[in-house]
Amino acid sequence: GASPRPEELRRFIEIKPRLDFNALEPGARVSAAIRTSARALGLAPDRGVQVRLTGDVPLSDEEFATLTDRAWLMAGAMMAGVLATLWLALRSFKIILAILATLVVGLALTMALGLVFIGVFNIISIAFIALFVGLGVDFGIQFSVRYRAERFQYPELAKALCHTGRTVGLPLALAAAATAVGFFSFLPTNYVGVAELGYVAGLGMIVAFATSITLLPALLMLLKPDGEAEDVGFASFAPIDAYLARHRRIVLRIATGAGLVCLLLTLFLHFDSNPLDLRSPKVESVSTLFDLMRNPQTSPNTINVTAPSLAGADTLAGRLSALPGVALALTLSSFVPGDQDKKLALIADANGLLDSTLNPFDMKPAPSDAQTVASLTQTAAKLREAAGAQDSAPASHARVLADALDALAKGPAETRARAAEAMVPGLKTMLRQLSDALTPARVTLASMPAAMRSEWIAADGSVRIQVFPKDTSNDPRALSEFSDTVLKIAPDATGAPISIRESGRTIVSAFVEAGILSFITILVLLAAVLRRAADVMMTLAPLVLAGLLTMGSCVVLGLPLNFANIIALPLLLGIGVAFDIYFVM
């Protein structure tokens, strides 16, 4: 016959674990205990059984495990990049040491302030570390490069630091203020994670500025770096400066054209609100979840609808089942079989015929090995006799089975014992299940277990309808269409497809709202300080262009925005406006 489908062989065990929230992976100990128990029971791949874990706990644990995977390599690569940049800009180990020490102190202060004001960091707000490191190093580089230029003019260390403070203090202050205001603009949004990120990152900019103009010069006075033998800069880049100055109109035309093209491309930018797309499909919990999604009956992408009564729920479920994107809709009534009188009569007849076979009065003793060999040989001969010279598939299968039985009969006793261990317990279980199935009781709503009833009918009498999607591709567009289809019939429906889509919309609207608000506040701040419309436009134009080029590049590369990479937008805003302020001032 045909091979069974995976869902026909699959069995589920639902476990409520006791979690250890003091560990990075709270459910790791429970998962390890489950795997140990499975091995002890012989549930292993070499016996044809694979135990796979999925659910909220394994998904969260493996997500945190991937964060620590090669963490030292990533941290080392980041530090190598930072140190290389610092060396190209500063050419002094003492200055680099002063900047790194300032960065560490500033990061510690920002983290302490964050813990004081928001209490606990989440997976969004902890991204302030990347924002602080990026901008904190930038503040230190700006101060130190200006210090090197002033040290060339004023060999005395204290005098050079005083001139550095006078020349770079105002640009740093304005950059820090504009960046902090930009981050604080995320506070009014409805997305709590982004609001907390903006709060901590804004505080971090104040801390970064304060440490850059106090602690950094103090460390430079303490470390006493060597003076500068020549002016600061890269003389080899002078021809590029001259070329850009001569062809500035061409540069402006190219920038304007690229900005307009990217503005059009942003119409095709979309937000991927599916959090599973952020996880590695190679880990067990995610791959198992994707396998379950391929079957409409086990897909977690279901929608729940409530009705005031079971009769109303059954009627609504019928309407929902008829929708084009719905595979099926279940209520508690779905588990009550139809035509029970006829079915019970047929089962009773079958039980009368098979009862003496399944439940014999006299049990023979277990056969000896010699009797087992004789039985195997006799069965193989009868299979070949039944197959004869036929060329059909059943005859071919009978001959293959006869060959296998002959090989088992001629093999050692240990092999036959292993075969019995593999087959007999399962056969006994199947026969016992068949015996139980031949003596059923009438199924009614009242006879169902209380735990099962409570999953479908609440204490106040409201009834749950579970709606399954027909499309099992886990495609965000398909899930959105499935959600819209159900919501037209049941506006109060909820579930993973709806909540994922709505959370995505909330995040996008939060970032749009915060982006507009931060741009306006930065514009007002720049206008108040620079006081010249031309200077304000020169500061903001590259920032706008950088944003358009970034989003246009995402479209060209096929890179959608998601819960993780959208955090880069405030970083772009902060660093972009800081660079422009330094240059213009």
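This report concerns the structure included in the present document. (Residues numbered from 1 in each chain as written. Predicted model: local features only at pLDDT ≥ 70, side-chain atom pairs only at ≥ 80, totals over all residues. Heavy atoms only, no water.)

**Looking at the overall build of the protein**
Rule in force here: Helix and strand assignments follow DSSP, with helices taken as H or I runs no shorter than four residues and strands as E runs no shorter than two, numbered in order from the N terminus. Note on definitions: a residue-residue contact is assigned when non-hydrogen atoms from the two residues lie within 4.5 Å. Each accessible area is a Shrake-Rupley estimate made with a 1.4 Å probe; only the visible protein chains count as cover when residues are assessed.
Counting its regular elements, the protein contains 22 helices and six strands. On the principal axes, the C-alpha backbone points of the protein span a range of 110 × 60 × 50 Å. Considering only contacts within the protein whose residues lie at least 6 apart along the sequence, 75% involve residues at least 24 apart. Element-wise, carbon and sulfur atoms account for 65% of the exposed surface of the protein, whose accessible area totals about 34500 Å².

**Quick look at the packing of aromatic side chains**
One pair of aromatic rings is described through two measures. These are the centre distance and the angle between the planes. Here is the rule we go by: Centre distance within 6.5 Å is the pairing criterion for rings of Phe, Tyr and Trp, where only the six-membered ring of Trp is used; planes under 30 degrees apart are then read as stacked, over 60 as edge-to-face, and the remainder as tilted. Residue burial is assigned from relative accessible area. The probe radius is 1.4 Å, only protein chains are included, and a residue is buried under 20% of its type maximum, exposed over 50%, and partly exposed in between.
In the structure shown here, the tally under the stated rule is four aromatic pairs. Look at Phe-117 and Tyr-199: their rings are 5.9 Å apart centre to centre, the planes differ by 75 degrees, and that puts the pair in the edge-to-face class. Placement of the pair is Phe-117 in helix α5 (residues 93–117) and Tyr-199 in helix α8 (residues 192–213), with a sequence separation of 82 residues. By relative accessible area, which is 48% here, Phe-117 ends up partly exposed. Among the aromatic residues, ring-to-ring pairing joins Phe-117, Phe-184 and Tyr-199 into one connected group.

**Regarding the sheet that holds strand β4 (residues 463–469)**
Quick reminder of the rule: Two strands are said to pair when DSSP picks up at least two bridges between them.
In spatial order, the strands read β3-β4-β2-β5; together these four strands make up an open sheet with antiparallel pairing. With partners counted over all chains shown, the strands left at the sheet margins are β3 (326–330) and β5 (494–495), one partner each. Sheet topology places β3 next to β4; four bridges connect them, and they run antiparallel. Its bridge partner lying in β4, Leu-330 is registered against Gln-466.

**Overview of the side chain of Glu-228**
Here is the rule: Throughout this description, a polar contact denotes any pair of N or O atoms lying within 3.5 Å of each other; where both atoms belong to protein, one of them has to be capable of donating a hydrogen while the other can accept it, and for residues adjacent in sequence the pair is counted only when both atoms sit in side chains.
Looking at where Glu-228 falls in the secondary structure, it is placed in the loop between α9 (215–223) and α10 (238–246). Given the relative accessible area of 19%, Glu-228 is considered buried. For Glu-228, the side chain forms a polar contact with the side chain of Arg-148, separated by 3.0 Å. Beyond its immediate chain neighbours, meaning those up to four positions away, Glu-228 contacts Arg-148, Arg-151 and Phe-152.

**Remarks on α8**
Cut-off, in case you're wondering: Expected span, for any helix, means 1.5 Å times one less than how many residues it has.
Taking 1.5 Å per residue, 22 residues should reach 32 Å; α8 reaches 32 Å between its end C-alpha atoms and fits that length. Burial analysis of α8 places 17 of its 22 residues in the buried class, the great majority of the element.

**A look at the pattern of salt bridges**
As a reminder of what qualifies: For this document, the term salt bridge refers to a Lys or Arg side-chain nitrogen within 4 Å of an Asp or Glu carboxyl oxygen.
Evaluated as defined, the whole model comprises 13 salt bridges. A salt bridge links Arg-294 to Asp-291, with the shortest nitrogen-to-oxygen separation between them at 2.2 Å. Look at Asp-291 and you get partly exposed, because its relative accessible area is 22%. Across the pair Glu-502 and Arg-505 runs a salt bridge whose closest N-O atoms are separated by 3.2 Å. Taken together, the positions of Glu-502 and Arg-505, both in helix α20 (residues 496–530) and three residues apart, correspond to about one turn of that helix. For Glu-502, a relative accessible area of 34% corresponds to the partly exposed category. Here the salt bridges share partners, and the residues they tie into one network are Asp-484, Arg-501, Glu-502 and Arg-505.

**Some words on a nonpolar patch on the surface**
The following threshold applies: In this scheme, patches are assembled from residues that exceed 30% relative accessible area and form no salt bridge. Like charges are connected within 9 Å, while nonpolar side chains (Val, Leu, Ile, Met, Phe, Trp, Tyr) are connected within 5 Å.
Residues Leu-88, Phe-234, Phe-237, Ile-240, Tyr-243, Leu-244 and Val-251 make up a contiguous nonpolar surface patch of about 670 Å² in total accessible area. For the nonpolar patch, the element with the most residues is α10, which contributes three residues. As for its placement among the helices and strands, Val-251 is situated in helix α11 (residues 248–265). Overall, Val-251 belongs to the partly exposed group, its relative accessible area being 36%.

**Considerations on the environment of Ala-514**
The residue Ala-514 is located in helix α20 in this model. Through-space distance from the C-alpha of Ala-514 to that of Asn-22 is 35 Å; in sequence the pair is 492 residues apart. Not counting the four nearest positions on each side in its chain, Ala-514 is found in contact with Ser-185, Phe-186 and Thr-189.

**Some points on the nonpolar core**
Threshold: Joining through side-chain atoms within 4.5 Å is the link that ties buried Ala, Val, Leu, Ile, Met, Phe, Trp, Tyr and Cys residues into a set, and such a set is a nonpolar core.
Leu-86, Phe-139, Leu-220 and Leu-526 are the most contacted members of the largest nonpolar core, which totals 67 residues. Ranked by residues supplied to this core, first place goes to helix α7 (residues 157–184) with eleven residues. Residues within four places of Phe-139 in sequence aside, it is in contact with Leu-172, Ala-175, Ala-176, Met-205, Ala-208, Phe-209, Ser-212 and Tyr-582. Counting 24 residues, the second largest nonpolar core, distinct from the first, contains Val-305, Ala-313, Leu-320 and Ala-493.

**Observations concerning the environment of Arg-253**
You can see Arg-253 is positioned in helix α11. It is 73 Å that separates the C-alpha atoms of Arg-253 and Ala-450, two residues lying 197 residues apart in sequence.

**Overview of unusual backbone geometry**
Of note, the phi angle at Arg-91 is positive, near 55 degrees, even though the residue is not glycine. Along the chain, Arg-91 turns up in the loop between α4 (71–90) and α5. Judged by relative accessible area, Arg-91 falls into the partly exposed class, the value being 44%. Backbone geometry places Asp-339, a non-glycine residue, at a positive phi of 50 degrees. Note that Asp-339 resides in the loop between β3 and α14 (340–358).

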